Amino acid sequence: MSRNTDSNQYTILFAIGMVVIVGSLLAFTASSLKPNIAENERMEKQQNILYAMGVNENGPTDIVFVGTDKVAAEFSKYISKQLIINPDGTAEESARAFKINVKKEQAKAKNGGTRALPLFIGEREGQSYYIIPIRGKGLWDAIWGYVALDEDMVVQGAFFDHAAETPGLGANIKQRYFMDDFIGEKLLSSTGDFKGITVAKGNNDPKNLIKDDYEVDALAGATITGDGVSAMIKTDLKLYLPYFKNLKNQLN
Amino acid sequence: MGLLSKKDVKLITDPLADNNPITIQVLGICSALAITAELKASLVMGIAVLFVMGVGNVVISLIRNIIPSKIRIIVQLIVVASLVIIVDQVLKAFAYELSKTLSVFVGLIITNCIIMGRFEAFALGNGPWRAFLDGIGNAFGYAVILLAVGFFRELLGSGTLFGVPVLGDPIEKTGLYATGYENNGFMLMPPMALIIVGLIIWVQRSRNKALIED
């Protein structure tokens with residue numbers, strides 16, 4: 001090669017050319033695939049919400065969602081109401097609830113705004129499930145989940161997911177044996193105060209038989225991810241307490 | 001062997017043992033520590049690196065004569081990053097389930113020094129075909145160590161292999177656990193991966209004295 005690839009001029013031109021080529025390539029890929037990705041994300045969210053209320057095709061230990069071909073139909077069959085909760089506990093029905101991005105709402109609340117709180121009500125075999133999306137921080141990146149509660153804020157089902165927790169350690173919050181531990185755990189004390197659920201090391205209950213200790217067994221080697229799960233349950237679910245108090249009053 | 005000359009074969013077989021990227025070149029240690037707590041993650045990471053190394057080495061080798069040497073590291077980084085992002089996006093659109101499994105590894109691949117190390121050491125000075133062979137050879141060498149470490153950590157740490165219990169049930173106390181055996185939680189911590197890699201290096205060097213440096 002006779003070209004002088006060491007000159008400043010060549011270096012700068014190369015850098016500019018490279019940025020333009022790579023940038024447009026990435027932009028083209030992202031924008032042309034966007035509709036497909038958005039559709040996949042919608043189906044995933046519907047699958048997650050249904051999963052939390054127990055509508056899934058699980059085997060004994062694995063996690064199997066409702067198939068993507070029928071998830072939209074199942075969602076409209078089981079989810080009877082989509083609500084947005086006001087801070088005072090009143091609720092309004094709105095199809096917009098599904099589109100609420102919890103991450104954006106949390107940022108809004110941080111900057112002093114009010115957070116729109118989505119809630120999905122599912123009906124299955126005569127029981128109502130109140131499904132709430134939650135979101136928090138793990139060790140490396142975001143963690144989130146959907147928790148299904150009954151009228152007394154007792155957990156009926158939970159689904160957790162994560163962006164980038166360590167495989168084999170924190171990523172195991174996505175495993176059945178961790179998520180199923182939450183079923184039956186209470187969020188409220190007997191006097192109706194919000195206590196939350198702590199992912200606790202050494203709670204001496206590895207089979208998770210004690211359901212009123214406000215604790216589930218932690219994962220080995222995933223302390224920070226586990227703390228993140230405890231924190232998002234405490235902060236996000238607490239916001240719905242006024243709604244459940246109102247609900248209780250109406251039911252009584 | 002019309003396609004592969006003797007030298008080409010060496011490019012693939014050398015990194016498997018005597019020039020292993022992890023145990024001899026000491027590249028890619030970070031991810032070997034981070035994700036080897038279970039075999040499945042080791043396998044997925046091995047396959048992902050195989051793909052990125054193979055394609056990345058060829059791309060870098062093709063443009064090796066026009067890359068300005070002052071910014072070559074940045075150019076390498078951009079090639080890896082865009083390659084990984086494009087694959088991630090395509091998977092998200094057409095194989096969403098698979099992309100969920102792989103998304104964790106995307107960041108790890110971009111920052112994996114094994115990839116940059118081979119670009120720098122080999123692809124910048126060799127033709128595309130040889131660079132390709134070097135890429136997949138090193139990726140295999142990397143995967144072999146990851147799987148070995150993952151095997152011991154998952155077996156001794158969780159009592160499972162690929163998520164399947166092989167030693168009995170630790171909570172119900174069946175199988176080996178009935179005798180009082182306990183899982184070693186310490187095996188799940190990253191330091192144990194370092195110790196296992198150290199043991200592999202020890203065994204390897206005591207069997208082949210030529211590898212021992214003065």
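Note: the structure precedes this text.
Residues numbered from 1 in each chain as written. Chains lettered and ligands numbered in written order. Predicted model: local features only at pLDDT ≥ 70, side-chain atom pairs only at ≥ 80, totals over all residues.

## Focus on the overall build of chain A
Thinking step 1. Looking only at helices and strands, one finds six helices and eight strands in chain A.
Thinking step 2. The linear arrangement of helices and strands in chain A, starting from the amino end, is α-α-β-β-α-β-β-β-β-α-β-β-α-α.
Thinking step 3. Oriented by its inertia axes, the alpha-carbon framework of chain A measures out at about 85 × 45 × 40 Å.
Thinking step 4. In chain A, buried positions account for 33% of the 252 residues.
Thinking step 5. In chain A, once contacts between residues fewer than 6 apart in sequence are set aside, the share between residues at least 24 apart is 55%. (Helix = DSSP H or I, 4+ residues; strand = E, 2+ residues; numbered from the N terminus. Buried ≥ 20, exposed ≤ 12 C-beta atoms within 10 Å, placed from the backbone. Contact = placed C-beta atoms within 7 Å.)

## Some remarks on the interface of chain B and chain A
Thinking step 1. Taken together, the contacts link 29 residues of chain B with 29 residues of chain A.
Thinking step 2. At 10 residues, helix α4 (residues 72-94) of chain B tops the list of elements feeding residues into the side of chain B that touches chain A.

## Examining the nonpolar core
Thinking step 1. Core analysis: the biggest nonpolar cluster contains 100 residues, and Ala52, Ile131, Ile132 and Val147 of chain A together with Val49 and Ile145 of chain B have the highest contact counts within it.
Thinking step 2. When residues of this core are assigned to their parent elements, the largest contribution, 11 residues, is made by helix α7 (residues 128-158) of chain B.
Thinking step 3. Contacts of Ala52 of chain A, omitting those with residues within four sequence positions, involve Ile131, Tyr146, Val147, Ala148, Gly157, Ala158 and Phe159 of chain A. (Core = buried A, V, L, I, M, F, W, Y, C linked by C-beta atoms within 7 Å.)

## Structural notes on the sheet that holds strand β4 (residues 127-137) of chain A
All names here are of chain A.
Thinking step 1. Read across the sheet, six strands follow the order β2-β1-β3-β4-β5-β6 without closing on themselves; strand pairing throughout is antiparallel. Two strands close off the open sheet at either side, each with one partner strand: β2 (91-93) and β6 (155-162). Taking each pair of neighbouring strands and ignoring which way they run, the sheet shows an average axis angle of 25°.
Thinking step 2. Note that strand β5 (residues 142-149) and β6 share seven bridges and pair antiparallel. From the neighbouring strand, Ala148 faces β6, where its bridge partner is Gly157.
Thinking step 3. Together, β4, β5 and β6 form the strand contacts of helix α5 (residues 223-238), whose direction differs from that of β4 by roughly 125°. (Pairing = 2+ DSSP bridges. Axes fitted to C-alpha atoms, helices over the stretch in contact; angles between N-to-C directions.)

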